[in-house]
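Residue strings, one per chain:
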Amino acid sequence: MKFTAQSDSLKLALSAVTDAISSKLFRPEWAGVYIKAESENSISLSCRNDNYEIRKVLDDCDVQEFGDSLIPAKTLYDYVSLMDGDVTIQTDESKAKIRSGGKNVSITVYETDAYEPVGRQIDNSDIAITMSGSSFADSVSRVSYCVSPDASRLILTGISVKVLPEEGIAEFVALDGFRVSLIKSGIISYTNALTWISEQNQVAIVMPGEYAQKAVRLFSKSQSVTITTANKMSSVLISDETASIAFSLLAGQYIDYKRIIPTAFTTHILASADALLNAVKTAMFASGRKTPLVHISTADNSVSIYATGAETESTTSVDALVNGNPIDITFNGKYLVDSFTHLPQGTESVSMDFSTNASPTLILPQNSDNAYCVDDYSIVLPVRTLN
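Per-chain numbering applies: the sequence of each chain, read as written, is numbered from 1 onward. The predicted origin of the model limits local features to residues at a pLDDT of at least 70 and limits the giving and counting of side-chain atom pairs to 80 or more, whereas totals for whole chains, interfaces and linings rest on all residues. For the side-chain quantities, the full set of heavy atoms in the structure was used; hydrogens and water were omitted.

**Examining the overall build of the chain**
- Assigned secondary structure in the chain consists of seven helices and 26 strands.
- By principal-axis analysis of the C-alpha atoms, the chain measures approximately 75 × 55 × 40 Å.
- In the chain, the share of contacts with a sequence separation of at least 24, taken over all contacts with a separation of at least 6, comes to 65%.
- Surface accessibility of the chain: about 18700 Å² in total, with carbon and sulfur atoms responsible for 46%. Helix numbering and strand numbering both begin at the N terminus, where a helix is a DSSP run of H or I of at least 4 residues and a strand a DSSP run of E of at least 2. Between two residues, a contact is recorded if the distance between any of their heavy atoms is within 4.5 Å. Computed with the Shrake-Rupley method and a 1.4 Å probe, the accessible areas treat only the protein chains shown as cover for residues.

**Here we look at helix α1 (residues 7–17)**
- A simple rule labels every residue: compare its accessible area, found with a 1.4 Å probe on the protein chains alone, to the largest value its type can have, and call it buried under 20%, exposed over 50%, or partly exposed in between. Within α1, burial applies to Ser7, Leu10, Ala13, Leu14 and Val17. Within α1, the buried residues cover an arc of 130° as seen down the axis, which keeps them to one side.
- Residues of α1 that are buried make contact with β1 (2–6), β2 (32–39), β3 (42–48), β4 (52–58), α2 (73–81) and β7 (86–91).
- The distance from a side-chain oxygen at the start of α1 to the backbone nitrogen of aspartate 8 is 2.8 Å, and the residue carrying that oxygen is glutamine 6. This arc is taken over the directions from the axis of the helix to the C-beta atoms. Two N or O atoms count as a polar contact when they lie within 3.5 Å, although within protein this holds only if one can serve as hydrogen donor and the other as acceptor, and sequence-adjacent residues are included solely when both atoms are side-chain atoms.

**As for the sheet that holds strand β16 (residues 225–230)**
- Only when DSSP finds a minimum of two bridges between them are two strands counted as paired. One open sheet accounts for nine strands, arranged β6-β2-β3-β4-β18-β17-β16-β10-β14; its pairing is antiparallel. Since the sheet does not close on itself, it has two edges, and those belong to β6 (68–72) and β14 (189–191), each with one partner. Taking the axes of each pair of neighbouring strands and ignoring which way they run, one obtains an average angle of 15° across the sheet.
- For β2 and β6, the ladder comprises five bridges, and the chain directions are antiparallel. Note on β6: the bridge partner recorded for tyrosine 34 is leucine 70.
- Between N-to-C directions, angles cover 0 to 180 degrees, with each direction set by a line fitted to C-alpha atoms, over the stretch in contact for helices. Along the sheet face, α2 touches β2, β3 and β6 and points at about 85° away from the line of β6.

**Describing the packing of aromatic side chains**
- For Phe, Tyr and Trp, rings pair up if their centres lie within 6.5 Å, where Trp contributes its six-membered ring, and each pair is then called stacked (planes under 30 degrees apart), edge-to-face (over 60) or tilted (otherwise). Following the criterion strictly, the structure yields five aromatic pairs and no others.
- Taking the centre distance of 4.8 Å and the plane angle of 45° together, the rings of tyrosine 52 and tyrosine 211 count as tilted. Pair noted here: tyrosine 52 is in strand β4 and tyrosine 211 is in helix α5 (residues 209–219), with a separation of 159 residues, a long-range link.
- Residue tyrosine 211 is classed as buried on the basis of its relative accessible area of 11%.

**A short note on the nonpolar core**
- Val33, Leu45, Phe136 and Ile238 are the most contacted members of the largest nonpolar core, which has 80 residues in total.
- Among the elements that take part in this core, α5 stands out by supplying six residues, more than any other.
- Not counting residues up to four positions away in its chain, the partners in contact with isoleucine 238 are Phe136, Met207, Ala215, Phe219, Val225, Thr226, Ile227, Ala243, Ser244, Ile245 and Phe247. Take the buried residues of types Ala, Val, Leu, Ile, Met, Phe, Trp, Tyr and Cys, join any two whose side-chain atoms come within 4.5 Å, and each joined set is a nonpolar core.

**Some remarks on the packing of helix α6 (residues 273–287) against helix α7 (residues 333–341)**
- Close contact between α6 and α7 brings their axes to 10 Å; oriented N to C, the two are set at 155°. Relative to α7, α6 is oriented roughly antiparallel. Of the two possible hands of crossing, α6 and α7 adopt the one that is left-handed. Between α6, through Leu276, Leu277, Val280, Lys281 and Met284, and α7, the contact on the second element is made entirely by Gly333, Lys334, Leu336, Val337, Phe340 and Thr341. Here the word oblique covers every angle except those under 35 degrees (roughly parallel), over 145 (roughly antiparallel) and from 65 to 115 (roughly perpendicular). By the definition used in this description, the sense in which the near helix is turned from the far one sets the handedness, with an anticlockwise turn below a right angle giving left-handed and a clockwise turn giving right-handed.

**What to know about the side chain of serine 349**
- For serine 349, the position within the fold is in strand β24 (residues 349–354).
- Leave out the neighbours within four places in its chain, and serine 349 touches Leu270, Ala271, Ser272, Ala273, Leu364, Pro365 and Gln366.

**Side note on the environment of lysine 258**
- By secondary structure assignment, the location of lysine 258 is in the loop between β18 (243–248) and β19 (267–272).
- Between the C-alpha atom of lysine 258 and that of valine 180, which follows or precedes it by 78 residues, the distance is 9.9 Å.

**As for the sheet that holds β24**
- Spatial strand order, β15-β11-β12-β13-β26-β25-β24-β19-β22-β21-β20-β23: 12 strands in an open sheet with antiparallel pairing. Each end of this open sheet is capped by a strand with a single partner; those strands are β15 (204–208) and β23 (328–332). Ignoring strand direction, the axes of neighbouring strands in this sheet form an average angle of 25°.
- Inspection of the sheet shows β24 paired to strand β25 (residues 361–366) by five bridges, in the antiparallel sense. Its bridge partner being in β25, serine 349 is matched across the sheet by glutamine 366.
- Contacting β11 (158–164) and β15, α5 runs over the sheet at an angle of about 85° to β15.

Printed below as a string of C-alpha coordinates:
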(Lines give C-alpha, C1' and ligand atoms only; values in the text may rest on other atoms or scores of the structure.)
Protein backbone atom coordinates (compact mmCIF):
# COMPACT_ATOMS: atom_id res chain seq x y z
CA MET A 1 0.00 0.00 0.00
CA LYS A 2 1.20 3.50 -0.78
CA PHE A 3 -0.62 6.80 -0.38
CA THR A 4 -0.04 10.49 0.22
CA ALA A 5 -2.19 12.59 2.56
CA GLN A 6 -2.06 16.02 4.13
CA SER A 7 -0.48 15.83 7.62
CA ASP A 8 -3.16 17.82 9.48
CA SER A 9 -6.01 15.74 7.98
CA LEU A 10 -4.19 12.50 8.75
CA LYS A 11 -3.51 13.61 12.32
CA LEU A 12 -7.18 14.50 12.90
CA ALA A 13 -8.31 11.14 11.52
CA LEU A 14 -5.80 9.27 13.69
CA SER A 15 -6.92 11.26 16.74
CA ALA A 16 -10.55 10.28 16.12
CA VAL A 17 -10.02 6.54 15.67
CA THR A 18 -7.38 6.01 18.37
CA ASP A 19 -10.01 6.92 20.95
CA ALA A 20 -10.98 3.25 20.63
CA ILE A 21 -7.60 1.96 21.80
CA SER A 22 -7.84 0.80 25.40
CA SER A 23 -5.10 1.04 28.01
CA LYS A 24 -5.85 -2.63 28.76
CA LEU A 25 -5.19 -4.53 25.56
CA PHE A 26 -6.61 -8.03 25.23
CA ARG A 27 -4.43 -8.47 22.16
CA PRO A 28 -1.26 -6.48 21.33
CA GLU A 29 -2.43 -5.99 17.73
CA TRP A 30 -5.30 -3.84 19.03
CA ALA A 31 -2.73 -1.13 19.64
CA GLY A 32 -2.62 -0.77 15.86
CA VAL A 33 -4.55 1.34 13.39
CA TYR A 34 -5.82 -0.64 10.41
CA ILE A 35 -5.40 1.45 7.26
CA LYS A 36 -6.88 0.39 3.95
CA ALA A 37 -6.75 2.08 0.55
CA GLU A 38 -10.42 2.28 -0.44
CA SER A 39 -10.16 4.10 -3.78
CA GLU A 40 -7.78 6.21 -5.81
CA ASN A 41 -8.39 9.18 -3.53
CA SER A 42 -9.51 7.78 -0.16
CA ILE A 43 -8.28 5.60 2.68
CA SER A 44 -10.03 4.26 5.78
CA LEU A 45 -8.55 4.11 9.27
CA SER A 46 -9.95 1.81 11.99
CA CYS A 47 -9.12 1.09 15.63
CA ARG A 48 -10.88 -1.25 18.03
CA ASN A 49 -10.89 -2.77 21.47
CA ASP A 50 -12.86 -5.61 23.01
CA ASN A 51 -16.11 -3.61 22.93
CA TYR A 52 -16.25 -1.21 20.01
CA GLU A 53 -14.58 0.00 16.83
CA ILE A 54 -14.18 3.48 15.36
CA ARG A 55 -13.64 3.93 11.62
CA LYS A 56 -12.83 7.09 9.70
CA VAL A 57 -12.64 7.64 5.94
CA LEU A 58 -10.08 10.19 4.76
CA ASP A 59 -10.73 11.67 1.32
CA ASP A 60 -8.44 13.84 -0.80
CA CYS A 61 -5.64 11.30 -0.65
CA ASP A 62 -3.43 10.20 -3.53
CA VAL A 63 -3.41 6.41 -3.51
CA GLN A 64 -0.57 5.02 -5.62
CA GLU A 65 -0.80 1.38 -4.51
CA PHE A 66 -3.83 -0.41 -3.11
CA GLY A 67 -3.57 -2.62 -0.04
CA ASP A 68 -3.85 -2.49 3.74
CA SER A 69 -1.64 -2.41 6.82
CA LEU A 70 -1.85 -2.57 10.61
CA ILE A 71 0.49 0.09 12.03
CA PRO A 72 1.18 0.84 15.73
CA ALA A 73 -1.26 3.73 16.21
CA LYS A 74 0.43 5.82 18.90
CA THR A 75 3.81 5.65 17.17
CA LEU A 76 2.29 6.68 13.85
CA TYR A 77 0.33 9.53 15.44
CA ASP A 78 3.40 10.85 17.25
CA TYR A 79 5.46 10.92 14.07
CA VAL A 80 2.71 12.45 11.92
CA SER A 81 2.26 15.17 14.55
CA LEU A 82 5.86 16.24 13.92
CA MET A 83 5.38 16.47 10.15
CA ASP A 84 4.09 19.30 7.93
CA GLY A 85 2.53 19.28 4.53
CA ASP A 86 2.19 16.07 2.57
CA VAL A 87 2.93 12.72 4.23
CA THR A 88 3.61 9.62 2.16
CA ILE A 89 3.18 6.19 3.73
CA GLN A 90 4.35 3.06 1.96
CA THR A 91 3.97 -0.37 3.54
CA ASP A 92 4.95 -3.96 2.92
CA GLU A 93 4.43 -7.06 5.04
CA SER A 94 6.93 -5.97 7.72
CA LYS A 95 7.47 -2.21 7.60
CA ALA A 96 5.68 1.09 7.15
CA LYS A 97 7.86 3.86 5.72
CA ILE A 98 6.69 7.39 6.43
CA ARG A 99 8.17 10.32 4.51
CA SER A 100 7.51 14.03 4.75
CA GLY A 101 9.91 16.71 3.57
CA GLY A 102 13.35 15.63 4.72
CA LYS A 103 12.00 13.26 7.40
CA ASN A 104 12.03 9.50 6.87
CA VAL A 105 10.70 7.04 9.46
CA SER A 106 10.34 3.26 9.43
CA ILE A 107 7.89 1.42 11.75
CA THR A 108 7.46 -2.32 12.20
CA VAL A 109 3.86 -3.31 11.45
CA TYR A 110 1.55 -6.05 12.73
CA GLU A 111 0.10 -8.77 10.53
CA THR A 112 -3.10 -7.47 8.98
CA ASP A 113 -4.88 -10.80 9.61
CA ALA A 114 -4.66 -10.01 13.34
CA TYR A 115 -7.21 -7.20 12.94
CA GLU A 116 -10.83 -8.35 13.03
CA PRO A 117 -13.49 -5.65 12.56
CA VAL A 118 -16.27 -5.46 15.11
CA GLY A 119 -19.29 -7.27 13.62
CA ARG A 120 -21.35 -5.19 11.21
CA GLN A 121 -23.64 -7.85 9.75
CA ILE A 122 -26.75 -5.96 8.71
CA ASP A 123 -29.71 -7.88 7.30
CA ASN A 124 -33.06 -6.95 5.84
CA SER A 125 -34.86 -7.02 9.21
CA ASP A 126 -32.57 -4.48 10.85
CA ILE A 127 -33.67 -0.93 11.52
CA ALA A 128 -32.04 2.30 10.40
CA ILE A 129 -32.97 5.82 11.39
CA THR A 130 -31.38 9.03 10.14
CA MET A 131 -31.36 12.27 12.11
CA SER A 132 -29.27 15.42 12.16
CA GLY A 133 -25.89 15.12 13.84
CA SER A 134 -26.63 18.04 16.15
CA SER A 135 -29.93 16.52 17.30
CA PHE A 136 -28.26 13.18 18.00
CA ALA A 137 -25.40 14.81 19.92
CA ASP A 138 -27.74 17.10 21.88
CA SER A 139 -30.09 14.27 22.82
CA VAL A 140 -27.36 11.93 24.03
CA SER A 141 -25.43 14.66 25.85
CA ARG A 142 -28.44 16.01 27.71
CA VAL A 143 -29.74 12.65 28.98
CA SER A 144 -26.33 11.17 29.83
CA TYR A 145 -26.22 12.72 33.30
CA CYS A 146 -28.92 10.23 34.31
CA VAL A 147 -26.93 7.19 33.16
CA SER A 148 -26.21 5.02 36.20
CA PRO A 149 -22.58 4.28 37.14
CA ASP A 150 -23.71 1.11 38.93
CA ALA A 151 -22.47 -1.84 36.86
CA SER A 152 -24.52 -4.25 39.01
CA ARG A 153 -27.61 -2.87 37.20
CA LEU A 154 -26.10 -3.03 33.74
CA ILE A 155 -29.22 -2.02 31.81
CA LEU A 156 -29.25 1.34 33.63
CA THR A 157 -25.72 2.16 32.43
CA GLY A 158 -27.25 2.61 28.99
CA ILE A 159 -29.43 5.04 27.07
CA SER A 160 -32.71 3.75 25.72
CA VAL A 161 -33.48 4.83 22.16
CA LYS A 162 -37.01 4.12 21.00
CA VAL A 163 -38.19 4.85 17.46
CA LEU A 164 -41.71 6.23 17.05
CA PRO A 165 -41.93 6.37 13.24
CA GLU A 166 -45.57 7.39 13.04
CA GLU A 167 -44.66 10.50 15.02
CA GLY A 168 -41.37 10.96 13.18
CA ILE A 169 -39.30 11.01 16.37
CA ALA A 170 -36.73 9.08 18.34
CA GLU A 171 -37.07 9.03 22.12
CA PHE A 172 -33.86 9.10 24.19
CA VAL A 173 -34.19 8.12 27.88
CA ALA A 174 -31.73 7.61 30.72
CA LEU A 175 -32.48 6.86 34.37
CA ASP A 176 -30.47 5.79 37.40
CA GLY A 177 -33.16 4.99 39.97
CA PHE A 178 -33.24 8.54 41.37
CA ARG A 179 -34.01 10.65 38.30
CA VAL A 180 -35.09 10.33 34.68
CA SER A 181 -34.26 12.45 31.63
CA LEU A 182 -36.24 12.18 28.40
CA ILE A 183 -35.77 13.95 25.07
CA LYS A 184 -37.74 13.39 21.86
CA SER A 185 -35.92 14.39 18.67
CA GLY A 186 -37.10 14.49 15.09
CA ILE A 187 -35.82 11.91 12.62
CA ILE A 188 -35.21 12.53 8.93
CA SER A 189 -35.98 9.02 7.72
CA TYR A 190 -36.29 5.42 8.83
CA THR A 191 -36.08 1.93 7.34
CA ASN A 192 -38.03 -1.13 8.52
CA ALA A 193 -39.16 0.51 11.75
CA LEU A 194 -42.87 0.02 11.05
CA THR A 195 -42.31 -3.63 10.16
CA TRP A 196 -40.51 -4.20 13.44
CA ILE A 197 -43.25 -2.46 15.42
CA SER A 198 -45.90 -4.71 13.93
CA GLU A 199 -43.94 -7.74 15.10
CA GLN A 200 -42.55 -6.58 18.44
CA ASN A 201 -44.82 -3.64 19.43
CA GLN A 202 -41.77 -1.42 19.90
CA VAL A 203 -38.49 -0.36 18.40
CA ALA A 204 -36.13 0.12 21.31
CA ILE A 205 -32.42 -0.38 21.77
CA VAL A 206 -30.21 0.34 24.76
CA MET A 207 -26.83 1.84 23.91
CA PRO A 208 -24.05 1.74 26.54
CA GLY A 209 -23.83 5.33 27.76
CA GLU A 210 -20.04 5.42 27.55
CA TYR A 211 -19.99 4.46 23.87
CA ALA A 212 -22.88 6.75 23.00
CA GLN A 213 -20.82 9.64 24.36
CA LYS A 214 -17.93 8.65 22.11
CA ALA A 215 -20.34 8.79 19.18
CA VAL A 216 -21.26 12.34 20.22
CA ARG A 217 -17.63 13.40 19.85
CA LEU A 218 -17.55 11.89 16.36
CA PHE A 219 -20.82 13.25 15.00
CA SER A 220 -21.72 16.49 16.80
CA LYS A 221 -20.89 18.51 13.67
CA SER A 222 -22.26 16.03 11.12
CA GLN A 223 -25.09 17.10 8.86
CA SER A 224 -26.80 13.75 9.36
CA VAL A 225 -26.20 10.54 11.32
CA THR A 226 -27.61 7.09 10.64
CA ILE A 227 -28.18 4.62 13.48
CA THR A 228 -28.45 1.06 12.17
CA THR A 229 -29.07 -2.05 14.21
CA ALA A 230 -27.01 -5.07 13.21
CA ASN A 231 -26.55 -8.74 14.07
CA LYS A 232 -30.27 -9.22 14.73
CA MET A 233 -30.59 -6.23 17.07
CA SER A 234 -27.55 -7.20 19.18
CA SER A 235 -25.26 -4.42 17.98
CA VAL A 236 -25.44 -0.99 16.40
CA LEU A 237 -23.55 0.95 13.76
CA ILE A 238 -23.67 4.75 13.99
CA SER A 239 -22.28 6.52 10.94
CA ASP A 240 -22.11 9.56 8.73
CA GLU A 241 -20.47 9.92 5.32
CA THR A 242 -16.90 9.69 6.64
CA ALA A 243 -16.94 8.00 10.07
CA SER A 244 -18.58 5.20 12.01
CA ILE A 245 -18.59 3.54 15.42
CA ALA A 246 -19.84 -0.01 16.01
CA PHE A 247 -20.54 -1.63 19.37
CA SER A 248 -22.73 -4.21 21.10
CA LEU A 249 -26.04 -3.15 22.61
CA LEU A 250 -27.07 -3.88 26.18
CA ALA A 251 -29.36 -6.89 26.47
CA GLY A 252 -32.52 -6.87 28.55
CA GLN A 253 -35.71 -4.90 29.01
CA TYR A 254 -35.32 -1.24 29.93
CA ILE A 255 -37.31 0.00 32.92
CA ASP A 256 -40.73 1.46 32.05
CA TYR A 257 -40.08 5.02 33.20
CA LYS A 258 -43.72 6.04 32.56
CA ARG A 259 -44.76 4.13 35.67
CA ILE A 260 -42.63 6.53 37.72
CA ILE A 261 -44.57 9.63 36.67
CA PRO A 262 -47.50 10.49 38.95
CA THR A 263 -50.83 10.60 37.15
CA ALA A 264 -51.93 13.78 38.96
CA PHE A 265 -50.22 16.75 40.56
CA THR A 266 -51.39 18.92 43.43
CA THR A 267 -48.83 21.74 43.24
CA HIS A 268 -47.43 23.62 40.25
CA ILE A 269 -44.74 26.31 40.20
CA LEU A 270 -43.28 28.30 37.32
CA ALA A 271 -40.11 30.35 37.83
CA SER A 272 -37.00 31.63 36.11
CA ALA A 273 -34.61 28.77 35.26
CA ASP A 274 -31.55 30.87 36.07
CA ALA A 275 -33.00 32.06 39.39
CA LEU A 276 -33.84 28.51 40.48
CA LEU A 277 -30.40 27.22 39.50
CA ASN A 278 -28.65 30.02 41.39
CA ALA A 279 -30.80 29.49 44.48
CA VAL A 280 -30.14 25.74 44.52
CA LYS A 281 -26.38 26.25 44.14
CA THR A 282 -26.43 28.76 47.01
CA ALA A 283 -28.27 26.29 49.24
CA MET A 284 -25.81 23.53 48.34
CA PHE A 285 -22.90 25.64 49.55
CA ALA A 286 -24.68 26.19 52.85
CA SER A 287 -25.46 22.49 53.25
CA GLY A 288 -21.80 21.53 53.07
CA ARG A 289 -22.67 17.82 52.91
CA LYS A 290 -21.48 15.14 50.52
CA THR A 291 -25.16 14.71 49.69
CA PRO A 292 -26.35 18.33 49.84
CA LEU A 293 -29.96 18.39 51.00
CA VAL A 294 -31.91 21.31 49.55
CA HIS A 295 -35.42 22.15 50.74
CA ILE A 296 -38.13 23.83 48.65
CA SER A 297 -41.30 25.34 50.12
CA THR A 298 -44.02 27.33 48.39
CA ALA A 299 -45.77 30.56 49.28
CA ASP A 300 -48.39 32.62 47.42
CA ASN A 301 -46.09 34.22 44.83
CA SER A 302 -42.70 32.71 45.55
CA VAL A 303 -40.75 29.62 46.48
CA SER A 304 -38.13 29.45 49.21
CA ILE A 305 -35.04 27.35 48.60
CA TYR A 306 -33.05 26.77 51.74
CA ALA A 307 -30.47 24.56 53.42
CA THR A 308 -28.83 24.27 56.81
CA GLY A 309 -25.28 23.11 57.43
CA ALA A 310 -23.11 22.59 60.47
CA GLU A 311 -22.04 26.23 60.53
CA THR A 312 -24.14 28.02 57.91
CA GLU A 313 -27.67 28.31 56.64
CA SER A 314 -29.11 29.89 53.53
CA THR A 315 -32.56 30.90 52.29
CA THR A 316 -33.30 32.32 48.85
CA SER A 317 -36.74 33.54 47.81
CA VAL A 318 -37.52 33.20 44.10
CA ASP A 319 -40.49 34.91 42.44
CA ALA A 320 -42.79 32.29 41.00
CA LEU A 321 -46.26 31.52 39.77
CA VAL A 322 -47.64 29.07 42.33
CA ASN A 323 -50.83 27.05 41.95
CA GLY A 324 -52.27 24.33 44.16
CA ASN A 325 -51.50 23.12 47.64
CA PRO A 326 -48.53 24.36 49.68
CA ILE A 327 -45.64 21.92 49.74
CA ASP A 328 -42.36 21.50 51.60
CA ILE A 329 -40.06 19.01 49.86
CA THR A 330 -36.40 17.99 50.01
CA PHE A 331 -34.03 17.01 47.19
CA ASN A 332 -30.44 16.05 46.63
CA GLY A 333 -29.26 19.42 45.36
CA LYS A 334 -26.92 17.81 42.81
CA TYR A 335 -29.88 16.22 41.06
CA LEU A 336 -31.68 19.55 40.71
CA VAL A 337 -28.53 21.24 39.39
CA ASP A 338 -28.11 18.45 36.83
CA SER A 339 -31.69 18.93 35.63
CA PHE A 340 -31.40 22.71 35.42
CA THR A 341 -28.02 22.68 33.64
CA HIS A 342 -29.22 20.23 30.97
CA LEU A 343 -32.24 22.22 29.86
CA PRO A 344 -32.63 22.87 26.13
CA GLN A 345 -31.02 25.97 24.71
CA GLY A 346 -33.30 28.99 24.95
CA THR A 347 -35.09 27.87 28.12
CA GLU A 348 -36.17 30.87 30.16
CA SER A 349 -38.54 29.38 32.72
CA VAL A 350 -39.01 26.01 34.37
CA SER A 351 -42.13 24.43 35.79
CA MET A 352 -42.01 21.95 38.65
CA ASP A 353 -45.04 19.76 39.30
CA PHE A 354 -45.44 18.01 42.65
CA SER A 355 -47.83 15.38 43.93
CA THR A 356 -46.61 14.79 47.49
CA ASN A 357 -43.30 15.42 49.22
CA ALA A 358 -42.47 11.73 48.73
CA SER A 359 -43.48 11.43 45.06
CA PRO A 360 -41.41 12.11 41.92
CA THR A 361 -41.32 15.69 40.69
CA LEU A 362 -41.75 16.55 37.00
CA ILE A 363 -39.52 19.33 35.63
CA LEU A 364 -40.59 20.90 32.32
CA PRO A 365 -38.74 23.67 30.44
CA GLN A 366 -40.60 26.63 28.98
CA ASN A 367 -39.18 28.51 26.00
CA SER A 368 -39.27 32.21 25.11
CA ASP A 369 -42.70 31.76 23.47
CA ASN A 370 -44.10 30.58 26.84
CA ALA A 371 -44.64 27.10 25.42
CA TYR A 372 -43.88 24.03 27.51
CA CYS A 373 -41.39 21.59 26.00
CA VAL A 374 -43.42 18.46 26.64
CA ASP A 375 -40.98 16.38 24.58
CA ASP A 376 -38.07 17.36 26.80
CA TYR A 377 -38.33 16.84 30.53
CA SER A 378 -36.79 15.30 33.62
CA ILE A 379 -38.11 13.58 36.74
CA VAL A 380 -36.40 13.80 40.13
CA LEU A 381 -37.21 11.74 43.20
CA PRO A 382 -37.23 13.68 46.48
CA VAL A 383 -35.33 12.71 49.62
CA ARG A 384 -37.44 11.49 52.50
CA THR A 385 -36.53 13.22 55.74
CA LEU A 386 -37.68 12.90 59.33
CA ASN A 387 -39.46 15.99 60.55
